[in-house]
Amino acid sequence: MSDARSTAPIDDRLLVTAIDLFGRKGLEGVSTRAIAAAAGTAMSSITYHYGGKDGLYLAAARHIADRIGTAMAASLADAADIEGMSAAQALDAVHAMTDAFLRLMLSPESAAWARFIVREQMEPTEAFEILYRDIMSRASGRLIRLIAHIGGGRWDAEEVRLKTLAIIGQVLVFRVARATVQRLTGWEEIDAGRAAGIARSVRAHCRAILLAGEDGS
């Protein structure tokens, strides 16, 4: 069987490999020699394309942000139209975002990204600033504006942000706490039917968070 890496551009192979190894071992825990060997290329390729290991690490963060942004492009449309939405339309837009994010978190490709991002959440570096600037702030910013619009002034800025975090968190758990999800549910894998059930549950929770009365009922 041929190795799929052999037909991919060298820089793509390096990025995919680096994201996986950096996520598993951290920046200091993996050498450029190990990355190059796993990617099936020469160490000089890292210097040529990225200037060294630090440059490769930052490029890995940009690659993750780009891939997430591409996957969620339709749901991250220009927010200028939000003020013209009804509350129901804004809620539909929230659902579109959580649906897209959930599909991404349930995809096999996102496992390596999640390991990389979790490391950056625990001990932020310059790579976190790239991730935050290029995708996290875009996605959370749109969600914040949608939620504030749905609230119609019922919630102050801090409450809107807390609701945003609650909605993001309920999707993230299916990737960053995958072992717990599998243990609690008894699932060995999340197939299409289970993914649809998760999406329905997330939508119901979003409605409960955003359409509940001011007393939380």
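Residues numbered from 1 in each chain as written. Predicted model: local features only at pLDDT ≥ 70, side-chain atom pairs only at ≥ 80, totals over all residues. Heavy atoms only, no water.

## What about the layout of surface pockets?
Piece 1. By volume, the largest pocket is sized at about 670 Å³.
Piece 2. Lining the largest pocket are 30 residues; nearest its centre among them are Phe101, Gln121, Met136, Ile168 and Leu172.
Piece 3. Secondary-structure elements contributing two or more residues to the lining of the largest pocket are helix 4 (53–71), helix 5 (87–106), helix 6 (110–122), helix 7 (126–151) and helix 8 (157–176).
Piece 4. With 9 residues, the single largest contributor to the lining of the largest pocket is helix 8.
Piece 5. Across the lining of the largest pocket, the residue classes break down as 22 nonpolar, 6 polar and 2 charged.
Piece 6. Here the second largest pocket defines a volume of roughly 170 Å³.
Piece 7. Gly26, Leu27, Glu28, Tyr57, Arg119, Glu120, Glu123 and Thr125 together form the lining of the second largest pocket.
Piece 8. Broken down by class, the residue content of the lining of the second largest pocket amounts to 2 nonpolar, 2 polar and 4 charged. (1 Å grid on protein atoms, 1.4 Å probe; cavity = no way out; pocket = protein on both sides within 12 Å on 5 of 7 lines; lining within 4 Å. Points joined across faces, edges and corners; volume = space filled by probe spheres on them. Helix = DSSP H or I, 4+ residues; strand = E, 2+ residues; numbered from the N terminus. Nonpolar A, V, L, I, M, F, W, Y, C, P; charged D, E, K, R; others polar.)

## Structural notes on helix 2 (residues 32–39)
Piece 1. Within the span of helix 2, buried status applies to Ile35, Ala36 and Ala39. When helix 2 is viewed along its axis, its buried side chains cluster within an angular range of 95 degrees and face the same direction. For helix 2, exposure combined with an orientation more than 90 degrees from the buried face picks out Arg33 and Ala37.
Piece 2. Two residues or fewer after helix 2 comes Gly40, characterised by a positive phi angle close to 70 degrees. (Buried < 20%, exposed > 50% of the residue type's maximum accessible area, 1.4 Å probe, protein only. Arc of directions from axis to C-beta.)

## Let's talk about the side chain of Thr164
Piece 1. With respect to the helices and strands, Thr164 occurs in helix 8.
Piece 2. For Thr164, a relative accessible area of 3% translates into the label buried.
Piece 3. A distance of 2.9 Å separates a polar side-chain atom of Thr164 from the backbone oxygen of Val160.
Piece 4. Dropping the residues within four chain positions of it, Thr164 is found in contact with Ser140, Leu143, Ile144 and Ile147. (Polar contact = N/O pair within 3.5 Å; in protein donor to acceptor, adjacent residues only side chain to side chain. Contact = heavy atoms within 4.5 Å.)

## Section: helix 7
Counting along an α-helix, one turn takes 3.6 residues, and residues three or four places apart therefore face a common direction.
Piece 1. Helix length check: helix 7 (26 residues) gives 35 Å between terminal C-alpha atoms against 38 Å at 1.5 Å per residue, within 8%.
Piece 2. Bending of helix 7 peaks at approximately 45 degrees at the position of Tyr132.
Piece 3. For helix 7, the capping residue at the N-terminal end is Thr125, with a side-chain oxygen 3.1 Å from the backbone nitrogen of Ala127.
Piece 4. At the exit of helix 7 stands Gly152, carrying a positive phi of roughly 55 degrees. (Expected span 1.5 Å × (residues − 1). Bend = angle between axes of the 7 residues up to and from the residue.)

## A closer look at the confidence of the model for the chain
Piece 1. Predicted confidence across the chain gives a mean pLDDT of 91, with 92% of residues reaching 70 or more.
Piece 2. Within the chain, helix 8 carries the highest mean pLDDT (97), whereas helix 1 (residues 10–25) carries the lowest (91).
Piece 3. In the model, residues 1–8 has pLDDT below 50 throughout and makes 7 contacts with residues more than four positions away in sequence or in other chains. (pLDDT = per-residue confidence, 0-100.)

## So, the packing of aromatic side chains
Piece 1. Per the stated rule, a full pass over the model turns up 3 aromatic pairs.
Piece 2. Its end group placed over the ring of Trp155, Lys163 keeps NZ or CZ at 4.6 Å from the ring centre. (Phe/Tyr/Trp six-rings, centres within 6.5 Å; stacked < 30°, edge-to-face > 60°. Lys NZ or Arg CZ within 6 Å of the ring centre and 35° of its normal.)

## A look at the side chain of His95
Piece 1. Of note, His95 is situated in helix 5.
Piece 2. His95 has contacts with Arg203, Cys206 and Arg207, leaving out every residue within four places of it along the chain.

## Brief notes about the pattern of salt bridges
Piece 1. Taken as a whole and judged by the stated rule, the model has 6 salt bridges.
Piece 2. Among the salt bridges present, the one from Asp20 reaches Arg115, with a minimum N-O distance of 3.0 Å. Of this pair, Asp20 sits in helix 1 while Arg115 sits in helix 6; the two residues are 95 residues apart in sequence, bridging distant segments of the chain.
Piece 3. Exposure remark for Asp20: the relative accessible area of 22% places this residue in the partly exposed category. (Salt bridge = Lys/Arg side-chain N within 4 Å of Asp/Glu carboxyl O.)

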